[in-house]
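Architecture at a glance
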Amino acid sequence: MKNFKDITGRLLIVAIAICMVAGTAVSKAQTGGALTPEKINAALDEAYTKFKDVTEGKNADYIKELARVDPKIFGIALVTADGQVFTKGDITSMVSIQSISKAFVMAQIIEEQGHQAIQDKIGVDATGLKFNSIVAVEEHRGKEINPLVNPGAIAATSLVNGADSAAKWKSILQFQSDFAGRQLSLNVPVYISEAGDNLRNQAIAHLLLAYGRMYFDPAEATDIYTKQCAINVSAKDLAIMGATLANGGVNPVTKKKVVSPQTVMYTLPVMATAGLYDDSGIWFYNSGLPAKSGVGGGIVAVCPGKFGIAVVAPPLDEAGNSVKAQLAIKYIVEKLNANPYLIQPK
Ligand code: GLU
C-alpha cells in the first residue's frame, strides 16, 4: 500500500511539473517569451538603426540654451527591474532633465507627505491644456491640475520639505540623484538661460498663491523649479530613474530604497494620464506605459515590475515630445511585447 502511495505521489509530482513546463511554454509562445538579454539588445539595435536618420522635429528654443544642444544626440537605455543595463547609441551626452524631473519630485512629495497631500493640495487631473497654461489655473481657481504640468509642478516644488530654498534644492537634487544612482549636477548655462526668462512660470506661481495653492515663496519656488529642470542627465541616468519606479522604489543598480512601493503606485497613474503633454492619451493608447517627457529631449517610460526605458534625442514634435524617443520606445515595447495591457487569455 505504501509503495502504491509513493508511486501515485511521484506520478502526481511529475504530472504537475509537466503541466508547469507546458504552461510556461504556451505562455512564452503567446507573449513572445521572457525578456532575454539577446532580445533586449536586438530590439535596441533595431530601433537605433531604424530611427537614427529621422530628421523630423526641432529643438526647443523658448529656453535659448536648448536650441544650442546637438540635435543629433540619440541614446537609448533600458534597465531591468533586477538591475541589468542595456544601452545603444550616445548615452554619455547630457541634456537637461526639464519636465521629467516633475515625476520624481511628485514621488518625493508623496514619500514625504503622503499621497493625499498631492490630491488635496495640487490635484491629479489632466488639464487637457498646454503644460504651461495659465487658463488651466484660472479655470479651476488653482485646483484640478496635476504635478506634471508647470503650475502643479511649481506647487509640488514649493511643498518639498526644507526650511529654506537652499535646503529644498539640496533635497530635490539628492532625491533625483538617488533615483539615478549617481550624484547628478546642475547644467548652469541652461539654468541661467531659463532663470532670465521665466516670467510666465513666475506669473503662474503668483496666481497659485492668490488662490491659496502655493506653499512657499512663489519667486523662490519658481527659482528652485527652474534649477530642478536644469539637472543634467544621460539616457542611462533616465533609464535607471525609470527602473527604480519599475522596481517599486528601490534603485535596482545601487539597491538603495528611494521611495516606497505605495509612492510608486500613486506616481505612475499620473504619468499615464499626463506624462506627454497634450499627447498623453495617444502615447498611452499606443504604448500602455506610464512615461514622462521633457523639452530637453528625453523621455522615460516605465514597464511596472519589468524595466525602465529612456531615450534622449532633442528634436521635439508640435506637442513638445522628442520625435525619436517616442518612435524608439514604442518600437522596443512592441518588439518585447512589453505593453502591460497585452493580456493572454487563460
Ligand atoms: N523648464 C521648462 C518650463 O518650465 C520645463 C518644460 C518641459 O520640459 O515641459 O517651461
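Note that the structure is predicted; figures quoted are calculated from it, not measured.

**A closer look at the pattern of salt bridges**
Under the counting rule described, the total for this entry stands at 10 salt bridges. Across the salt bridge formed by Lys256 and Asp178, the nearest N and O atoms sit 3.3 Å from each other. Of the two residues, Lys256 sits in the loop between α12 (235-246) and α13 (261-274) while Asp178 sits in helix α8 (residues 165-180), which places them 78 residues apart along the sequence. On the basis of relative accessibility, which here comes to 41%, the residue Lys256 falls in the partly exposed class. With its nearest N and O atoms 3.9 Å apart, the salt bridge here joins Asp223 to Lys227. Here Asp223 pairs with Lys227, and both are found in helix α11 (residues 218-229), just 4 residues apart, close to one helical turn. Under the relative-accessibility criterion, Asp223 is labelled partly exposed at 26%.

**Some points on the packing of aromatic side chains**
By the definition in use, this model includes 6 aromatic pairs. Both rings, one in Phe131 and one in Tyr277, keep their centres 5.2 Å apart while their planes meet at 55°; by these two values the pair is tilted. Of the two residues, Phe131 sits in the loop between α5 (115-121) and α6 (135-139) while Tyr277 sits in the loop between α13 and α14 (280-287), which places them 146 residues apart along the sequence. One exposure class covers both Phe131 and Tyr277, and it is buried. The rings of Tyr62, Phe131 and Tyr277 are connected pair by pair, giving a single aromatic cluster. Over the ring of Tyr215 we find Lys121; its NZ or CZ atom is 5.7 Å from the centre of that ring. Residue placement shows Lys324 over the ring face of Phe74; its charged tip is 5.3 Å from the ring centre.

**Here's the deal with the site of the ligand**
Close to the ligand lie Tyr62, Gln98, Ser99, Phe131, Asn150, Glu194, Asn201, Tyr225, Cys229, Tyr277, Gly294 and Val295. One of the side-chain N or O atoms of Tyr62 is found 2.7 Å from an oxygen atom in the ligand. In this structure, Ser99 approaches the ligand through a side-chain N or O atom, which is 2.6 Å from an oxygen atom. Here the ligand loses 98% of its free accessible area of 290 Å² to cover by the protein chains. In the shell around the ligand, the residues fall into 6 nonpolar, 5 polar and 1 charged.

**Structural notes on the confidence of the model for the protein chain**
The predicted model of the protein chain averages 91 in pLDDT, with 90% of residues at 70 or higher. Residue range residues 1-5 is modelled with pLDDT below 50. Its contacts to residues more than four positions away, or to other chains, number 0 contacts. Under a pLDDT of 50 for its full length, residues 11-32 has, in the predicted model, 7 contacts with residues more than four places off or in other chains.

**Observations regarding the pairing of strand β1 (residues 75-80)**
Of all 6 residues that make up β1, 6 are buried, and the element is covered over most of its length. Pairing between β1 and strand β2 (residues 85-89): 5 bridges, direction antiparallel. What sits directly across from Ile76, in β2, is Lys88. Connecting the antiparallel pair β1 and β2 is a turn made up of 4 residues, with Gly83 showing a positive phi of about 90°. By the bridge criterion, 6 bridges tie β1 to strand β7 (residues 307-312) in an arrangement that is antiparallel.

**Re the side chain of Asn198**
In this structure, Asn198 sits in the loop between α9 (188-195) and α10 (199-210). A polar contact is formed between the side chain of Asn198 and the side chain of Gln202, at a distance of 2.9 Å. With residues up to four places along the chain from it excluded, the contact list for Asn198 reads Thr222 and Thr226.

Definitions and cut-offs
- Residues numbered from 1 in each chain as written.
- Predicted model: local features only at pLDDT ≥ 70, side-chain atom pairs only at ≥ 80, totals over all residues.
- Heavy atoms only, no water.
- Salt bridge = Lys/Arg side-chain N within 4 Å of Asp/Glu carboxyl O.
- Helix = DSSP H or I, 4+ residues; strand = E, 2+ residues; numbered from the N terminus.
- Buried < 20%, exposed > 50% of the residue type's maximum accessible area, 1.4 Å probe, protein only.
- Phe/Tyr/Trp six-rings, centres within 6.5 Å; stacked < 30°, edge-to-face > 60°.
- Lys NZ or Arg CZ within 6 Å of the ring centre and 35° of its normal.
- Near = heavy atom within 4 Å.
- Polar contact = N/O pair within 3.5 Å; in protein donor to acceptor, adjacent residues only side chain to side chain.
- Areas by Shrake-Rupley, 256 points an atom, 1.4 Å probe, with all protein chains shown as cover.
- Nonpolar A, V, L, I, M, F, W, Y, C, P; charged D, E, K, R; others polar.
- pLDDT = per-residue confidence, 0-100.
- Contact = heavy atoms within 4.5 Å.
- Pairing = 2+ DSSP bridges.

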